[in-house]
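# Architecture and fold: a report
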Amino acid sequence: GRRLDRVLVVAPASTLDNWAREIDLWSRRLLNNDGVADRVFHLFRLAKSVDERRRVAKSWAARGGVLLLSYELFGTLVVGGQKRHRGFFRTHVAEAADVVVCDEAHRVKREKARLATALSAVGTARRVGLTGTPVQNNLGEFYAMLSWARPLLLDERRAFDARFAEPIAAGLFDDSSKRDVTRSKRRMAVLHTLLEPVVHRRGAALLASALPPKHEVVVYCRLTDVQRRLYGERLAIWERGGDDKSG
């Protein structure tokens, strides 16, 4: 099959440095200390001006490697800015990638938002979305994420809401009827089965053997004089049945 030379990672800006470190660490382990640091293009760090970003993107598209981009910058480059620059970055970034990885993929919230529009320009079908948000927490976000990662897998949004989102939500309330709870569980089970080939769930147990034992230590500290005085005043207010409105 086609070689996967160009990997695009789109992630929150605060995680990009960690992505760079992890890529270097694991590439050294897998390639016998021959890391790929020279082929990790951290666009947010390497280039500030549009011309510099064009040069970095062009080099990545030609040489291959891993291109790291924040969500905000990716959206700006692909669907924002001047038309001539949009076309360049769409061709040399969105359409050039062989694999696209979206970290915190639940940020692809609304299908018509700018970020979703930019991600829809991705040419490859090799799309990976990473999220720590459980399916049932927000089915709207989940639908947007899955619609990007695997287009046409789910029905259009209105049909998805009627078939899954609404009946599942109806059974999640404290006062939901037994009928709604039963229907909610059944719809969730059907959805899980439908998504099983493309959604890979990994819990904390996966890391249990790789992490050291967890130890919890409770440390008691004495209150300072100021803390003791403030605590006493707070208790006095409660005992009087009042409330402190001063903030």
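Coordinates for the structure precede this section.
First, a word on scope: everything that follows refers to the structure included in this document. (Residues numbered from 1 in each chain as written. Predicted model: local features only at pLDDT ≥ 70, side-chain atom pairs only at ≥ 80, totals over all residues. Heavy atoms only, no water.)

## Re the sheet that holds strand β2 (residues 40–42)
Quick reminder of the rule: Only strands that DSSP links by at least two bridges are regarded as paired with each other. Put simply, DSSP marks the helices as runs of H or I at least four residues long and the strands as runs of E at least two long, and each gets a number from the N terminus on. In this analysis, axes come from line fits to C-alpha atoms, helices being fitted only over the stretch in contact, and the angle between any two N-to-C directions falls in the range 0 to 180 degrees. Whether two residues touch is decided by their heavy atoms; if any such pair falls within 4.5 Å, the residues are in contact.
In spatial order, the strands read β2-β3-β1-β4-β5; together these 5 strands make up an open sheet with parallel pairing. Single-partner strands in this sheet number two, and they are β2 and β5 (127–130). For this sheet the average axis-to-axis angle between neighbouring strands, irrespective of direction, equals 15°. With 4 bridges joining them, strand β1 (residues 6–11) and strand β4 (residues 99–103) adopt parallel strand pairing. Each bridged residue has a counterpart across the sheet, and for Leu 8 the counterpart in β4 is Val 100. Docked against the sheet, helix α4 (residues 71–79) engages β1, β3 (65–70) and β4, running at close to 95° with respect to β3.

## Some words on the pattern of salt bridges
Selection rule: Basic side-chain nitrogens of Lys or Arg form a salt bridge, by our definition, when they fall within 4 Å of a carboxyl oxygen of Asp or Glu. In this scheme, a residue with accessible area under 20% of its type's maximum is buried, one over 50% is exposed, and one in between is partly exposed, where area comes from a 1.4 Å probe on protein chains only.
Counted according to the given criterion, the structure contains 6 salt bridges. One salt bridge in this structure joins Arg 6 and Asp 98, with 3.7 Å as the shortest N-O distance. Linking Arg 6 in strand β1 with Asp 98 in the loop between α5 (83–94) and β4, this pair joins segments that are 92 residues apart in sequence. Relative accessible area serves as the criterion here: at 17%, Arg 6 is assigned to the buried category. The buried category is assigned to Asp 98, whose relative accessible area is 1%. Where Arg 229 meets Glu 233, a salt bridge forms, and the shortest distance between an N and an O atom there is 3.3 Å. Of this pair, Arg 229 and Glu 233 both sit in helix α10 (residues 225–239), 4 residues apart, roughly one helical turn.

## A few points about the side chain of Thr 124
Quick reminder of the rule: Here a polar contact is recorded for every N or O atom pair within 3.5 Å, except that within protein the pair must consist of a potential hydrogen donor and a potential acceptor, and residues adjacent in sequence are included only if both atoms are side-chain atoms.
Tracing the sequence through the fold places Thr 124 in the loop between α6 (114–119) and β5. Judged by its relative accessible area of 7%, Thr 124 falls in the buried class. Of note is the side chain of Thr 124, whose polar atom sits 2.9 Å from the backbone oxygen of Asp 98. If near-sequence neighbours (up to four positions away) are discounted, Thr 124 is found in contact with Ala 97, Asp 98, Val 99 and Val 100.

Purely geometric stuff here, so don't read any function into it on its own.
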